[in-house]
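Examining the three-dimensional arrangement
Read off the chains here:
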Amino acid sequence: MLSRSFTTGLRIPHFLLVGLIWTCNILLAGLICSLIYYSAWAYLLIGLVRGLAYPDPPQDLVAFITRLFDCCLHRPGLVLTALFLVWHTIHLQRTWGLEERGGMASTILQRLPNWVILAKYFPIRLVASDELLAISATKPRPGHGERAVLLPNDRNYLVGCHPHGILATGSFINFATDATDFDSMFPGLSRHVVTLKFNLSVMLQREYLLGLGKNICRTFIASATD
C-alpha cells in the first residue's frame, strides 16, 4: 500500500479542533461556498434594486447614472461585491475546462497548517511500498534526502484507494495536500486526486478543489491512461 491511516483514541480538545477543520474544509465546503457565492449575488441585486428604485425609479438615463453613482458612493459593500463577482466571472471563463486537464494546484493551499493538524490527529502517514523502494534504490540520489523515493517521472502512476473510508480523508490528506510530505518523498512527481464531476460544479468550491489539484474522475483518468 502507498498510504495508510491509523486511528487512535479520543482526545477531546484536539478532537474539537480537528472536527471544526474537517467539517468546514471537507464536509461542509460545498455548502459554505454556495452560501457565500449566492449570498453575494443576492446582496448585490437587492442592494441595487433598493438603491436605484427606492423611493421611485429614475425617469431618464442621467437620473439613473446619478443614482447609481450615489448608490455606489454610499454603499462601498456593493462595489466590493460587484468587483468580486466580476473577477470570479472572468476567472471562470479563463479557467473553464481545467478540471479536465490537471487543474491549477496551489502550493500555498496544499501546505496550509490545518492539513498538518488533521494528519497528526489520526495520524495519517504516507508509506512507500517495498516495490517502490526497490525501484528507487536503482536511481542516483544527488540532492535528495534518504526518505525520497525516486521514480521515473516520464510516465503516469495510478493510485487506487479502496475502501477509502468517510469522505476519503486518508487519500485526501496524502495526495491533495502536502501534510505528509508528498513533494519531498516523491520529488519530480505531480499529484491529482480525481473526484465526481458534481463536486466541481459548485461555484467557489470548484476553485477551492482545483487549488488542491482535484480533477473530474472519468475525463482525467481517460487522458492519463491513453
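Please refer to the structure placed before this passage.
Just so it is clear, the structure is predicted and the values come from calculations on it, not from any experiment. (Residues numbered from 1 in each chain as written. Predicted model: local features only at pLDDT ≥ 70, side-chain atom pairs only at ≥ 80, totals over all residues. Heavy atoms only, no water.)

As for its placement among the helices and strands, Asn114 is situated in helix 6 (residues 113-121). Asn114 gets classed as buried once you look at its relative accessible area, which sits at 14%. In contact with Asn114, other than residues within four places in its own chain, are Ile21 and Asn25. (Helix = DSSP H or I, 4+ residues; strand = E, 2+ residues; numbered from the N terminus. Buried < 20%, exposed > 50% of the residue type's maximum accessible area, 1.4 Å probe, protein only. Contact = heavy atoms within 4.5 Å.)

Another point: helix 2 (residues 29-53). In a regular helix each residue adds 1.5 Å, so 25 residues correspond to 36 Å; helix 2 covers 36 Å between its end C-alpha atoms and thus fits that length. Every buried residue of helix 2 is listed here: Ala29, Gly30, Cys33, Ser34, Tyr37, Ala40, Leu44, Gly47, Gly51 and Leu52. (Expected span 1.5 Å × (residues − 1).)

This brings us to the pattern of salt bridges. Considering all chains together, one arrives at 5 salt bridges under this definition. For Arg111, the salt bridge is made with Asp178, and the minimal N-O distance between the two is 3.3 Å. One end of the pair, Arg111, is in the loop between helix 5 (107-110) and helix 6; the other, Asp178, is in the loop between helix 8 (169-176) and helix 9 (182-185), and 67 residues separate them in sequence. When the shortest N-O distance is used, the salt bridge between Glu207 and Arg206 registers 2.9 Å. For Glu207, a relative accessible area of 12% corresponds to the buried category. (Salt bridge = Lys/Arg side-chain N within 4 Å of Asp/Glu carboxyl O.)

In this section: the packing of aromatic side chains. Under the defined criterion, the tally for this structure stands at 6 aromatic pairs. Judged by centre distance (5.1 Å) and plane angle (80°), the ring pair of Tyr37 and Tyr38 falls under edge-to-face. An aromatic cluster is defined as three or more aromatic residues linked by ring pairs; in this entry it consists of Phe175, Phe182 and Phe186. (Phe/Tyr/Trp six-rings, centres within 6.5 Å; stacked < 30°, edge-to-face > 60°.)

Our next topic: the environment of Leu209. Checked against the element boundaries, Leu209 lands in helix 10 (residues 205-211). For Leu209, a relative accessible area of 8% gives the class buried. A sequence separation of 179 residues divides Leu209 from Gly30, and the C-alpha atoms of the two residues are 9.9 Å apart. Ignoring any residue separated from it by four or fewer positions in sequence, one finds Leu209 in contact with Asn199, Leu200 and Lys214.

A word on the packing of helix 2 against helix 3 (residues 61-74). For the pair helix 2 and helix 3, the least separation of the axes is 9 Å and the interaxial angle reads 125°. Our classification of the angle between helix 2 and helix 3 gives oblique. The two elements helix 2 and helix 3 meet at a crossing, and its hand is right-handed. Residues Gly47, Leu48, Gly51, Leu52 and Ala53 of helix 2 touch helix 3, and the partners they reach there are Phe64, Arg67, Leu68 and Cys71. The class makeup of the residues in the contact of helix 2 with helix 3 is 6 nonpolar, 2 polar and 1 charged. (Axes fitted to C-alpha atoms, helices over the stretch in contact; angles between N-to-C directions. Parallel < 35°, antiparallel > 145°, perpendicular 65-115°, else oblique. Left-handed = near helix turned anticlockwise from the far one by under 90°. Nonpolar A, V, L, I, M, F, W, Y, C, P; charged D, E, K, R; others polar.)

As a further point, take the packing of helix 3 against helix 4 (residues 76-95). At a minimum axis separation of 4 Å, helix 3 and helix 4 run at an interaxial angle of 95°. With respect to helix 4, the axis of helix 3 lies roughly perpendicular. On the side of helix 3, the interface is formed by Cys71, Cys72, Leu73 and His74, while helix 4 contributes Pro76, Leu78 and Val79. Classifying every residue of the contact of helix 3 with helix 4 by side-chain character gives 6 nonpolar, 1 polar and no charged.

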